[in-house]
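# Coordinates in review
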Amino acid sequence: MIFVTGGAGYIGSHICVELLNAGYDVTVFDNFSNSSPEALVRVQQITGRNLQVIRGDCRDRDALITALQQSQTNAVIHFAGLKAVGESVSKPLNYYDHNVVGTLRLLEAMQVCHIRTIVFSSSATVYGDPVHLPITEDHPLSPTNPYGRSKWMIEEILRDVYRSDPSIRICILRYFNPVGAHDSGLIGEDPQGIPNNLVPFIAQVAVGRRERLNIWGNDYPTPDRTGVRDYIHVVDLAIGHLQALAVLKNIDHERNDQSFGCMTVNLGTGQGHSVLDVIHAYEKACGHSIPYQMAPRRSGDIAVCYADPQFAYKILGWKAQLSLEAMCRDSWRWQSRNPNGYQK
Ligand code: NAD
Ligand code: UFG
């Protein structure tokens, strides 16, 4: 049984599909603060399998202990947390509470229940402004906002937990820019309020919910002067988690295979795309133009960021397969069939 915190969210719902399709049993633990139970109904529709859903908050250790015991969990994938960079600057305590305290409570509950395997959602944001590209896992860590620092703190906690007990199996996955949706068009990203991120914003412009996109900055030192990122299809990302679970399961502690006991791995494609590249790919996917205007840089943004994905291939045998065209096509299928997200 795999216990998925935050499993109703954007990335979590996609991992649930891949887990169920691979034959795992799944329990989702989510407080639905940024998601809809409908996402999990659709996950079951896509896979033809049931999953267990428990409404609860990761800061509630007793609720976690009960849920872990009830579900007879073998491993945890921990997505639950808050993720809006701007909001983390105005509400830092809330971010440290949900993200850091939530993870502490989860680790304590896992200890009580003797569960020793965890995959954690970290972010490329822990690297801060890149000092070299592509970004390898040993790049210095220098997050520039409370959200990023909460991820960095959790990573440090996990590394300390591992040092205290090397028989624990931990995989820290640093995501680059997850976009796209499942190709059924039934699940996808459904941001509340005004989207912060590029692809959900473009999707809402494409479907007519918003008038035009602001391109934050056209004076970056990049080929077309707009920001460059490593966009990765959410289904590729989900498959990376399955690979991580498989590798953690096969670690042989008898052989003292300690280098694998706490892995930190980038999940990206290794390819950078500019804002204009994404707009043009989306226009092709939706069949009409996306109105946009140039606007000043967004505070805190960096010019270029893309992963070195070689370690992921070496250690997990995983490589992203899906192109920017597939990301936009699948995002558009989801958005056009569900113009208001999960809201009927
Ligand atoms: P999301 O907001 O869609 O999903 C998070 C889920 O966690 C939601 O269902 C929410 O209701 C739940 N949740 C939040 N706080 C909770 C709590 N205290 N207890 C229980 N449930 C709680 O976000 P996502 O895009 O699916 O991201 C999943 C994880 O991946 C997050 O940890 C995020 O920081 C990380 N991540 C996301 C991105 C991205 O661009 N989407 C990039 C890097 C890392
Ligand atoms: N952008 C626009 N207009 C918009 C939104 C974004 O021009 O309306 C631009 C940004 O300036 C940037 C690019 O599109 O150049 C991507 O921006 P996103 O907000 O989609 O993504 P970021 O790289 O800024 O940040 C995302 C997540 C962070 C995470 C980081 C690395 O929001 O939480 O990826 O994983 F930390």
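Everything that follows concerns the structure shown earlier in this document.
In this text the structure is predicted, and so the values were computed from the model without any measurement. (Residues numbered from 1 in each chain as written. Chains lettered and ligands numbered in written order. Predicted model: local features only at pLDDT ≥ 70, side-chain atom pairs only at ≥ 80, totals over all residues. Heavy atoms only, no water.)

This part covers the overall build of the protein. Within the protein, the secondary structure is distributed over eleven helices and 13 strands. Computed over its C-alpha atoms, the radius of gyration of the protein comes to 19 Å, within 12% of the 20 Å expected for a compact globule of 344 residues. Across its three principal axes, the protein shows a C-alpha extent of roughly 55 × 45 × 40 Å. Considering the protein as a whole, with its 344 residues, one finds that 55% of them fall into the buried category. Summarising the internal contacts of the protein: among those between residues at least 6 apart in sequence, 80% fall at separations of at least 24. Carbon and sulfur atoms make up 48% of the accessible area of the protein, which totals about 14,900 Å². Averaged over its 31 positive side-chain charges, the protein has a centre that lies 3 Å from the centre of its 34 negative ones. (Helix = DSSP H or I, 4+ residues; strand = E, 2+ residues; numbered from the N terminus. Rg over C-alpha atoms; globule rule 2.2 N^0.38 Å. Buried < 20%, exposed > 50% of the residue type's maximum accessible area, 1.4 Å probe, protein only. Contact = heavy atoms within 4.5 Å. Areas by Shrake-Rupley, 256 points an atom, 1.4 Å probe, with all protein chains shown as cover. Lys, Arg positive; Asp, Glu negative; His and termini not counted. Charge placed at Lys NZ, Arg CZ, Asp CG, Glu CD.)

As a further point, take the site of ligand 2. Neighbouring ligand 2 are 22 residues, the closest being Asn197, Asn214, Arg229, Arg298 and Asp301. The contact in question runs from an oxygen atom of ligand 2 to an N or O atom on the backbone of Tyr175, over 3.1 Å. Interatomic distance of 2.8 Å between a side-chain N/O atom of Arg298 and an oxygen atom of ligand 2. Broken down by element, the shell around ligand 2 gets its largest block of residues, four residues, from strand S8 (residues 213-216). Partitioning the shell around ligand 2 into residue classes produces eleven nonpolar, seven polar and four charged. (Near = heavy atom within 4 Å. Polar contact = N/O pair within 3.5 Å; in protein donor to acceptor, adjacent residues only side chain to side chain. Nonpolar A, V, L, I, M, F, W, Y, C, P; charged D, E, K, R; others polar.)

Glancing now at the nonpolar core. Leu19, Leu173, Leu267 and Leu316 are the most contacted members of the largest nonpolar core, which totals 46 residues. The biggest single contributor to this core is helix H8 (residues 234-249), with nine residues. Every residue in contact with Leu316, bar those within four places of it in the chain, is listed here: Leu173, Gly240, Gln243, Ala244, Val247, Met263, Val265, Leu267 and Phe311. Among the nonpolar cores identified, the runner-up in size contains 25 residues, and Phe29, Leu64, Leu158 and Cys262 belong to it. (Core = buried A, V, L, I, M, F, W, Y, C linked by side-chain atoms within 4.5 Å.)

Moving on, we come to the site of ligand 1. Among the 26 residues in the neighbourhood of ligand 1, the closest are listed as Asp30, Asn34, Ser35, Lys83 and Tyr147. Between a nitrogen atom of ligand 1 and a side-chain N or O atom of Asp57, the distance comes to 3.1 Å. Relative to its free-state accessible area of 820 Å², ligand 1 is covered by the protein chains to the extent of 95%. Contributing elements (two or more residues each) for the shell around ligand 1: helix H1 (10-21), strand S5 (117-123) and helix H6 (146-164). Ranked by the residues each element gives to the shell around ligand 1, the list is headed by S5, at three residues.

Glancing now at the pairing of S8. Side chains Leu213 and Ile215 project from S8 onto a buried face, and the interleaved Asn214 and Trp216 project onto a face without burial. Of the pairings in the sheet, the one linking S8 to strand S13 (residues 292-295) comprises four bridges and is parallel in character. By the bridge assignment for S13, Leu213 is matched with Tyr292. (Pairing = 2+ DSSP bridges.)

By the element assignment, Ala39 lies in helix H2 (residues 37-47). By relative accessible area, which is 0% here, Ala39 ends up buried. Separated by 30 residues in the primary sequence, Ala39 and Gly9 have C-alpha atoms spaced 7.8 Å apart.

Relative placement of two packed helices is described by the angle separating their axes and the distance separating the axes. At a minimum axis distance of 8 Å, the contact between helix H9 (residues 275-286) and helix H11 (residues 324-337) shows a crossing angle of 55°. Taken as axis vectors, H9 and H11 run oblique relative to one another. Judged by the sense of rotation from one axis to the other, the crossing of H9 with H11 is right-handed. Where H9 approaches H11, its residues Asp277, Val278, Ala281, Tyr282, Ala285 and Cys286 are matched on the opposing element by Leu324, Glu325, Cys328, Arg329, Ser331, Trp332 and Gln335. Of the residues contributing to the contact of H9 with H11, the split by class is eight nonpolar, two polar and three charged. (Axes fitted to C-alpha atoms, helices over the stretch in contact; angles between N-to-C directions. Parallel < 35°, antiparallel > 145°, perpendicular 65-115°, else oblique. Left-handed = near helix turned anticlockwise from the far one by under 90°.)

Per the counting criterion, the structure on display carries 18 salt bridges. Ionic pairing is found between Glu155 and Arg174, a salt bridge with its closest N-O pair at 2.7 Å. Here the residue Glu155 occupies a position in helix H6, and Arg174 occupies one in strand S6 (residues 169-175), the gap between them amounting to 19 residues. A relative accessible area of 0% places Glu155 in the buried class. The exposure class of Arg174 is buried, given its relative accessible area of 2%. For Arg298, the salt bridge is made with Asp301, and the minimal N-O distance between the two is 3.2 Å. Taking the relative accessible area as the measure of exposure, Arg298 reaches 35% and is therefore partly exposed. Because the salt bridges share partners, they merge into one network encompassing Glu155, Glu156, Arg159 and Arg174. (Salt bridge = Lys/Arg side-chain N within 4 Å of Asp/Glu carboxyl O.)

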